[in-house]
There are 2 protein chains.
Amino acid sequence: MENILIFGHKNPDTDTIMSAIAMENLESKKGKNAKACRLGNVNKETKFALEYFKQEEPELIENVAEGQEVILVDHNEFGQSVDGIENAKILRVVDHHKIGDFKTSEPLYYTAMPVGCTATIIFGMYEQEKIDIEPKIAGLMLSSIISDTLLFKSPTCTELDVEVATKLAEIANVDINEYGLNMLKAGTDLSDFSPAELINIDSKPFTTNGVKYQVAQVNTASIEDVLKGKSELQNAMQEFIKENSEDLFVLLITDILENNSQILVVGSRIDIVEKAFGVELEDNMAFLPGVVSRKKQVVPVIDKNI
Amino acid sequence: MENILIFGHKNPDTDTIMSAIAMENLESKKGKNAKACRLGNVNKETKFALEYFKQEEPELIENVAEGQEVILVDHNEFGQSVDGIENAKILRVVDHHKIGDFKTSEPLYYTAMPVGCTATIIFGMYEQEKIDIEPKIAGLMLSSIISDTLLFKSPTCTELDVEVATKLAEIANVDINEYGLNMLKAGTDLSDFSPAELINIDSKPFTTNGVKYQVAQVNTASIEDVLKGKSELQNAMQEFIKENSEDLFVLLITDILENNSQILVVGSRIDIVEKAFGVELEDNMAFLPGVVSRKKQVVPVIDKNI
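Keep in mind that what you see is a predicted model, and the values were worked out from it rather than measured.

## So, the sheet that holds strand S7 (residues 203–208) of chain A
Residue and element names in this part refer to chain A.
- The 5 strands are arranged S7-S8-S9-S10-S11 in an open sheet whose pairing can be described as mixed. Each end of this open sheet is capped by a strand with a single partner; those strands are S7 and strand S11 (285–288). Adjacent strand axes in the sheet meet at a mean angle of 25 degrees, parallel and antiparallel pairs treated alike.

In structure tokens:
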């Protein structure tokens, strides 16, 4: 059997990639033979951060063998995880999401906290183990927090996230605001994505009471720009739910400067979204002022209306 | 809304009761308004420990209201939890079992470790919060570890359990072996239980791939004594699975001095047990040398054969 494999969710975002790398670092300092992996291409924001801190991308994997020892970061739902996860041996989960579509056949380590970012939890694990965080790893973990909290502006951001980010910035020796804005802006360059790629950059499936739905999010400095390709996006979303037998696709187009989102919705159960947010969709769209967090402001609201 | 309610599983054992009390103590020292509860009668072993350390039984509850804030200790599966758990707000879970039949609609604190006992994990939480454990609470937590690890003899027992128990015994000022044997023996007095009561002392339901099964355990110093009521026990087990539409009931009769178990099995899927343990049941029974842990030696083996 190979090393312990550590990975976050499919369609990896910055927290998923950096948390896998940080956990590899922590586990290896504890004497374990562990390797960070990724389940998809890194996005432009993540690429910016990896290059800034001179860190290579983790290796791509597509499935795991039966009995493979694994550590999950930044997710727990099997539908978001690697193919073959049902028959892997899950040693540990470090996560900050709701729990669902997850089970094991044996006891394990599970550390979850309702904070903005997985890296914030991993910071506490370094502290508990009394292991120092080196500057490069601190920079990567800081990038996670900036990404997941949209530079502390998301309602998912907690005091602990801000506190940990401040300490990490000191170790990494970067200016949070300057570095953070540059990193977030790098992620908003959507120019060379096809519609099918764009709805897949940061997209997650959910299953609640038998309803299968997808929520994707893109960050932008101009919602209007993204909506220029509205009909192509809608077609790509329709195609996606057809292929994956889903009932609903919500695309969250988030303005990271103004902290609002426009949603574009397709599927046979768009009624759930209308009920959840108390809106009537016009041309399959609605504007949601102040909504920037899929995890806190979108998925729980949808779940409660299924 | 009431205080935060803290409780372990139905058919409470010593770890479930003591961990709820310890968490109430820890939460209140953190300034939270929390109350330990229980979901059933305390058993004789637990009663012995509560009386020894002069602690009252937690209050009995049977269900929780929608939106009630709760903390789960020593379990996570909804089938083992309070009625109404699906609509409660689960703030935190502290547990040492496999995860299954569990989900939330929002992120939460979840601390699980593959150790022998929930109290061992709670000890670490006191340490992390830099809160001293008072002698009475230390005695109750020590009782949890002794109970769940059968005085360190169960394969679920880890080095950490032994280390924590040693520290707790020092704080509580008791001799682990002397106190421990007395406590375990108090739990083996089965004289005034009816067969229906006996199979319910420490009984847990599980659901895996659609198969519903029950695993109950009784500790004894003489397996032979318990088997004097074999046919009555079998009838009670048959009755139970009929009422609860289950496919299988495994009663684990564990000799706590010799560390072996006899299993008594009924139901339409006894084939699963025969396959799982590679035995042929005779008169619905099989002897399993060295098997004392439902969690580590019984449930995962059954699950893998469903």
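From this point, the discussion proceeds with the structure in view.
## Some points on the sheet that holds strand S2 (residues 34–38) of chain A
- Here 12 strands make up an open sheet; going across it, the order is S3(A)-S2(A)-S1(A)-S4(A)-S5(A)-S6(A)-S6(B)-S5(B)-S4(B)-S1(B)-S2(B)-S3(B) and the pairing mixed. Looking at strand neighbours, the two that pair on one side only are strand S3 (59–60) of chain A together with strand S3 (59–60) of chain B, the edges of this open sheet.
- As defined by bridge partners, strand S1 (residues 4–7) of chain A adjoins strand S4 (residues 69–73) of chain A across 3 bridges and the pair is classed as parallel. Looking at the pairing, A:Phe7 lines up with A:Leu72 of S4(A).
- Helix H1 (residues 14–29) of chain B contacts strand S1 (4–7), strand S2 (34–38), strand S4 (69–73) and strand S5 (89–95) of chain B of the sheet and is inclined by roughly 175 degrees relative to S2(B).
- Sheet strands in contact with helix H3 (residues 118–129) of chain B are S4, S5 and strand S6 (109–112) of chain B, and its direction is about 105 degrees off that of S5(B).

## Some remarks on the pairing of strand S8 (residues 211–220) of chain A
Residue and element names in this part refer to chain A.
- Summarising burial for S8: 9 of the 10 residues are buried, a large majority.
- Pairing of S7 with S8 involves 6 bridges; the strand directions are antiparallel. Across the sheet, Phe-206 pairs through a bridge with Tyr-213, a residue of S8.
- Between S7 and S8, which follow one another and run antiparallel, lie 2 residues, and Asn-209 among them has a positive phi close to 45 degrees.
- Alignment of S8 against strand S9 (residues 248–255), held across 8 bridges, turns out to be parallel. Within S9, the residue paired with Ala-216 across the bridge is Leu-251.

## As for the side chain of A:Thr254
Residues and elements named next belong to chain A.
- By the secondary structure assignment, Thr-254 is in strand S9.
- There is a polar contact of 2.8 Å between the side chain of Thr-254 and the side chain of Gln-217.
- A polar contact of 2.8 Å, which involves the side chain of Thr-254, links it to the side chain of Ser-261.
- When sequence neighbours within four positions are dropped, the list of residues in contact with Thr-254 reads Leu-150, Gln-217, Val-218, Asn-219, Thr-220, Asn-260, Ser-261 and Val-292.

## Section: the interface of chain A and chain B
- Contact residues are listed per partner, giving 24 residues for chain A and 24 residues for chain B.
- For the pair chain A and chain B, the summed buried surface comes to about 2,200 Å²; carbon and sulfur atoms form 60% of the total.
- Applying the counting rule to chain A against chain B returns 2 salt bridges.
- Here A:Lys304 and B:Glu106 are joined by a salt bridge, their closest N and O atoms 3.6 Å apart.
- Put simply, chain A and chain B have 5 residue pairs in polar contact (both at pLDDT 80 or more) between them.
- Broken down by element, the residue count for the side of chain A that touches chain B peaks at 4 residues, all from strand S6 (residues 109–112) of chain A.

## Details of the packing of helix H4 (residues 135–148) of chain B against helix H6 (residues 176–187) of chain B
Residue and element names in this part refer to chain B.
- At their nearest, the axes of H4 and H6 sit 10 Å apart, and the two run at 65 degrees to each other. Between H4 and H6, the angle falls in the class roughly perpendicular. In the crossing of H4 with H6, the sense of the turn from one axis to the other is right-handed. Residue-level contacts link Leu-142, Ser-143, Ile-146 and Ser-147 of H4 to Ile-176, Tyr-179, Gly-180, Met-183 and Leu-184 of H6.
- Per-class residue counts for the contact of H4 with H6 are 6 nonpolar, 3 polar and no charged.

## With respect to the domain arrangement of chain A
Residues and elements named next belong to chain A.
- Taken domain by domain, chain A holds domain 1 (4–186) and domain 2 (195–304).
- Facing 17 residues of domain 1, the contacting portion of domain 2 comprises 19 residues.
- Overall, the association of domain 1 and domain 2 removes approximately 1,600 Å² of surface from exposure, summing both partners, and the carbon and sulfur fraction of that is 55%.
- Its largest share of buried area at the contact with domain 2, domain 1 owes to Asn-11, Leu-150 and Pro-155, together 32% of the area lost on that side.

## Observations regarding the layout of surface pockets
All names here are of chain B.
- Put simply, the second largest pocket is a space of about 990 Å³.
- As for the second largest pocket, its lining consists of 40 residues, of which Glu-86, Lys-103, Thr-104, Ser-105 and Glu-106 are closest to the centre.
- Looking at the lining of the second largest pocket element by element, the count peaks at 4 residues for S5.
- In the lining of the second largest pocket, the residues fall into 16 nonpolar, 9 polar and 15 charged.

## As for the relation of the copies chain A and chain B
- Between chain A and chain B, which share one sequence, the superposing operator has a rotation angle of 180 degrees and an axial displacement of 0.1 Å; the RMSD is 0.0 Å. A rotation of that kind, with that shift, is consistent with a two-fold axis. For chain A, the smallest separation between a C-alpha atom and the rotation axis is recorded for A:Thr111, amounting to 2.5 Å.
- When the interface residues of chain A are mapped onto chain B, 100% of them are again interface residues, pointing to one common binding face.

## As for the pattern of salt bridges
Residue and element names in this part refer to chain A.
- Here the structure, examined in full by the defined rule, presents 34 salt bridges over all chains.
- Among the ionic pairs, Asp-83 bridges to Lys-10, the shortest N-O distance being 2.9 Å. Remark: Lys-10 occurs in the loop between S1 and helix H1 (14–29) and Asp-83 occurs in the loop between S4 and strand S5 (89–95); sequence separation between them is 73 residues.
- Residue class for Lys-10 comes out partly exposed when judged on its relative accessible area of 30%.
- Asp-225 is paired through a salt bridge with Lys-228; the nearest N and O atoms lie 3.2 Å apart.
- Sharing partners across several salt bridges, the network here consists of Glu-27, Lys-30, Arg-92 and Glu-129.

About the criteria used
Within each chain, residues carry numbers counting from 1 in the order of the written sequence. Throughout, the order in which chains and ligands are written sets their labels, letters from A for the former and numbers from 1 for the latter. Restriction of local features to residues with pLDDT of at least 70 applies here, the model being predicted, together with a cutoff of 80 or more for giving and counting side-chain atom pairs; totals for whole chains, interfaces and linings are based on all residues. Only hydrogens and water are set aside; all other atoms, that is, all heavy atoms of the structure, feed into the side-chain values. What makes two strands pair is DSSP finding at least two bridges between them. Strands are runs of DSSP state E lasting at least 2 residues, helices are runs of H or I lasting at least 4, and numbering of each runs from the N terminus. Think of each axis as a best-fit line through the C-alpha atoms, taken over the contacting stretch in the case of a helix, with angles from 0 to 180 degrees between the N-to-C directions. Working rule for contacts: check all heavy atoms of both residues, and any pair within 4.5 Å makes them a contact. Partly exposed describes any residue whose relative accessible area lies between the buried limit of under 20% and the exposed limit of over 50%, with all areas from a 1.4 Å probe on protein chains only and scaled to the type maximum. Two N or O atoms form a polar contact when they lie within 3.5 Å of each other; inside protein one atom must be a possible hydrogen donor and the other a possible acceptor, and for residues adjacent in sequence the pair counts only when both atoms belong to side chains. Put simply, buried area is how much 1.4 Å-probe accessible surface two parts lose in total, over both of them, once they are put together. When a carboxyl oxygen of Asp or Glu lies within 4 Å of a side-chain nitrogen of Lys or Arg, that pair is called a salt bridge. In what follows, roughly perpendicular refers to angles from 65 to 115 degrees, roughly parallel to angles under 35, roughly antiparallel to angles over 145, and oblique to any angle outside these ranges. Crossings are classed by handedness, with left-handed meaning an anticlockwise turn of the near helix from the far one by less than a right angle and right-handed meaning a clockwise turn. Each residue is assigned to one class: nonpolar for Ala, Val, Leu, Ile, Met, Phe, Trp, Tyr, Cys and Pro, charged for Asp, Glu, Lys and Arg, and polar for all the others, Gly among them. An automatic or database domain assignment supplies the start and end points of every domain. Cavities and pockets are found on a 1 Å grid laid over the protein atoms alone: a cavity is a set of points where a 1.4 Å probe fits but cannot escape, a pocket is an open set with protein on both sides within 12 Å along at least five of seven lines, and a lining residue has an atom within 4 Å of such a point. Grid points are joined across faces, edges and corners, and a volume is the space filled by probe spheres set on the points. Least-squares superposition aligns the copies on the C-alpha atoms of those residues with pLDDT at or above 70 in both.

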